[in-house]
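Examining the three-dimensional arrangement
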Amino acid sequence: GQNIDQPTEMTATEGAIVQINCTYQTSGFNGLFWYQQHAGEAPTFLSYNVLDGLEEKGRFSSFLSRSKGYSYLLLKELQMKDSASYLCAVRDRVDSSYKLIFGSGTRLLVRP
Amino acid sequence: DTGVSQNPRHKITKRGQNVTFRCDPISEHNRLYWYRQTLGQGPEFLTYFQNEAQLEKSRLLSDRFSAERPKGSFSTLEIQRTEQGDSAMYLCASSSFTLNSGNTIYFGEGSWLTVV
């Protein structure tokens, strides 16, 4: 089976840095994805990690440790528009469909 | 690249009626997925197509749900005899494998269903 855990809610201040953690358990592993979802809208792709380490993409970075079953999404220089839900998703190595299994999401509120 | 397109965007229906949603994936993508999402939850996998073949269905997909992708391009998701518990956002997504993206899945804007 698969299990993905992430905090339900976080609050941060505009201009600050926030780290959203995700832990997972899968029978196999073939990639971890982060998506951003604004209220009432579809998830949009942010990042993809399949090897250990940090992937940086502008203000957003994502880290993966496969041995620990752990990832985090780091958001720097927070802006009000970053208020959204952040979804962690994993893909199982043995799954030929390449489907993603999602966590429940972390709702981030950025305050002025 | 017009992205994944879904319609209708919103549907309100009476309990017991049938509804159908359409998805047009990104044109070169051979994989197509349907997910369902309720408030405060992440998307839940419903079914998967590779080209026109439906290769996987979740246990969430009861007999009242049927999905097709007749020519390997657009897909439809039909819900028969809708129940209030079917109220959710139905998300379509598509993907195609590349070395850089690792089969990243891209979502459409979703179709909101409200069953009254």
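This one's a predicted model, so the numbers in the text were calculated from it and none came from an experiment. (Residues numbered from 1 in each chain as written. Chains lettered and ligands numbered in written order. Predicted model: local features only at pLDDT ≥ 70, side-chain atom pairs only at ≥ 80, totals over all residues. Heavy atoms only, no water.)

**Examining unusual backbone geometry**
Residue and element names in this part refer to chain B. The cut-off we apply is this: A run of H or I in DSSP counts as a helix once it spans at least four residues, and a run of E counts as a strand once it spans at least two, with each numbered from the N terminus. The cut-offs for exposure are 20% and 50% of the maximum accessible area for each residue type, with area from a 1.4 Å probe on protein chains only; residues under the lower value are buried, those over the upper are exposed, and the others partly exposed.
Cis rather than trans, the peptide bond between asparagine 7 and proline 8 has omega equal to -5 degrees. In this structure, proline 8 sits in the loop between β1 (5-7) and β2 (10-13). Positive phi, close to 55 degrees, is recorded for asparagine 51, a residue that is not glycine. Along the chain, asparagine 51 falls in the loop between β5 (44-50) and β6 (53-57). Taking relative accessible area as the criterion, asparagine 51 reaches 33% and is therefore assigned partly exposed.

**Examining the interface of chain A and chain B**
Rules: Whether two residues are in contact is decided by their heavy atoms, any of which lying within 4.5 Å being enough. The quantity reported as buried area is the accessible area (1.4 Å probe) lost by two parts once they are put together, taken as the sum for both. We define a salt bridge as a contact between a side-chain nitrogen of Lys or Arg and a carboxyl oxygen of Asp or Glu at a distance within 4 Å. Any N or O atom pair separated by 3.5 Å or less is treated as a polar contact, with the protein-specific requirement of one donor-capable and one acceptor-capable atom, and with residues adjacent in sequence counted only for side-chain atom pairs. Nonpolar residues are Ala, Val, Leu, Ile, Met, Phe, Trp, Tyr, Cys and Pro. Charged residues are Asp, Glu, Lys and Arg, and all others, Gly as well, are polar.
Opposite the 20 residues of chain A that make contact, chain B presents 24 residues. Counting each side, the surface lost to burial between chain A and chain B is near 1600 Å², with a carbon and sulfur contribution of 56%. There are one salt bridge connecting chain A and chain B. Counting the contacts that link chain A with chain B gives five residue pairs in polar contact (both at pLDDT 80 or more). Looking at the side of chain A that touches chain B, the element that brings in the most residues is strand β4 (residues 32-37) of chain A, giving three residues. Residues belonging to the side of chain A that touches chain B are distributed by class as follows: ten nonpolar, six polar and four charged.

**Some remarks on the sheet that holds strand β8 (residues 75-79) of chain B**
Residue and element names in this part refer to chain B. How we decide: One requirement defines pairing of two strands: DSSP has to find at least two bridges between them. Between N-to-C directions, angles cover 0 to 180 degrees, with each direction set by a line fitted to C-alpha atoms, over the stretch in contact for helices.
An order of β1-β3-β8-β7 is seen for the four strands of this open sheet, with the pairing classed as antiparallel. In this open sheet, the two edge strands, each paired with only one partner strand, are β1 and β7 (65-68). For this sheet the average axis-to-axis angle between neighbouring strands, irrespective of direction, equals 15 degrees.

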